[in-house]
Amino acid sequence: MKTQEKIICNCCKKVILERNGIPKAEYLHVEKQWGYFSGKDGEKQEFDLCEECYDMWIGSFQIPIKTQEVTELI
Ligand SMILES: [Zn+2]
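Everything quoted here is computed from the prediction, not taken from an experiment.

About the criteria used
Each chain has its residues counted from 1, following the order in which its sequence is written. Note on the predicted model: pLDDT of at least 70 is required for a residue's local features to be given, and 80 or more for side-chain atom pairs to be given and counted; whole-chain, interface and lining totals, by contrast, use all residues. No hydrogens and no water enter the side-chain calculation; it runs on all heavy atoms of the structure. Labels follow the DSSP assignment, with helices taken as runs of H or I lasting at least four residues and strands as runs of E lasting at least two, numbered in each case from the N terminus. Exposure classes here rest on a 1.4 Å probe applied to the protein chains alone. A residue is buried below 20% of its type maximum, exposed above 50%, and partly exposed in between. Only heavy atoms enter the contact rule, under which two residues are in contact if any of them lie within 4.5 Å. Any nitrogen, oxygen or sulfur atom within 2.8 Å of a metal ion counts as a donor, with the limit raised to 3.2 Å for Na, K and Ca, and since water is left out, coordination shells can look unfinished. For the purposes of this section, nonpolar cores are sets of buried Ala, Val, Leu, Ile, Met, Phe, Trp, Tyr and Cys residues that join through side-chain atoms within 4.5 Å. Within a predicted model, pLDDT stands for the predictor's per-residue confidence, ranging from 0 to 100. Salt bridge, as applied in this entry: a Lys or Arg side-chain nitrogen positioned within 4 Å of an Asp or Glu carboxyl oxygen.

## Comments concerning the overall build of the protein chain
Then, in step 1: Scanning the protein chain from terminus to terminus reveals one helix and four strands.
Then, in step 2: Listed by position from the N terminus, the elements making up the protein chain come as β-β-β-β-α.
Then, in step 3: Counting over 74 residues, the protein chain shows a buried share of 15%.
Then, in step 4: Residue pairs in contact within the protein chain that sit at least 24 positions apart in sequence constitute 29% of those at least 6 positions apart.

## Quick look at the coordination of the zinc ion
Then, in step 1: For the zinc ion, every protein donor is listed as C9 (SG), C12 (SG), C50 (SG) and C53 (SG), and the spread of their distances is 2.2 to 2.3 Å.
Then, in step 2: Ordering the donors of the zinc ion by residue number gives the pattern C-x2-C-x37-C-x2-C. An identical accessibility class is assigned to C50 and C53; each is buried.

## Here's the deal with the nonpolar core
A general trend in soluble globular proteins is that nonpolar side chains are found buried together.
Then, in step 1: Counting seven residues, the largest nonpolar core is built from I7, C9, I16, L17, L49, C50 and C53.
Then, in step 2: Where this core is concerned, the elements lending two or more residues are β2 (15-17) and β4 (44-50).

## Some thoughts on the confidence of the model for the protein chain
Then, in step 1: Confidence in the prediction of the protein chain, expressed as mean pLDDT, is 88, and 89% of residues score 70 or more.
Then, in step 2: By mean pLDDT, β2 is the weakest element of the protein chain at 83, and helix α1 (residues 51-59) is the strongest at 97.

## As for the pattern of salt bridges
Then, in step 1: Summed over the entire model, instances satisfying the criterion amount to two salt bridges.
Then, in step 2: A salt bridge links E52 to K14; the shortest N-O distance between them is 3.5 Å. Of the two residues, E52 sits in helix α1 while K14 sits in the loop between β1 (7-8) and β2, which places them 38 residues apart along the sequence.
Then, in step 3: On the basis of relative accessible area, E52 is assigned to the exposed category, the value being 54%.

## Re unusual backbone geometry
Leaving glycine out, the prevailing phi sign among residues is negative, and the prevailing peptide bond configuration is trans.
Then, in step 1: For K13, which is not glycine, the phi dihedral falls at a positive 70 degrees.
Then, in step 2: By the element assignment, K13 lies in the loop between β1 and β2.
Then, in step 3: Overall, K13 belongs to the exposed group, its relative accessible area being 70%.

Right, dumping it as structure tokens:
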């Protein structure tokens, strides 16, 4: 969840980003605009997850997510 000064994990309420946009940790930001074939036509949703909650989330998947080694760091 984005507030003016910080990003808060929607799942556990941990503060991810502190003032002036300096990242204290990595996080996942998801934005989804649902379309006609969904039950949420025209709704835009967004949320942010800290790394711990992300790990818990993907840990619940039936099929493991694809992971690749990236040598070139952005
Ligand atoms: Zn969290």
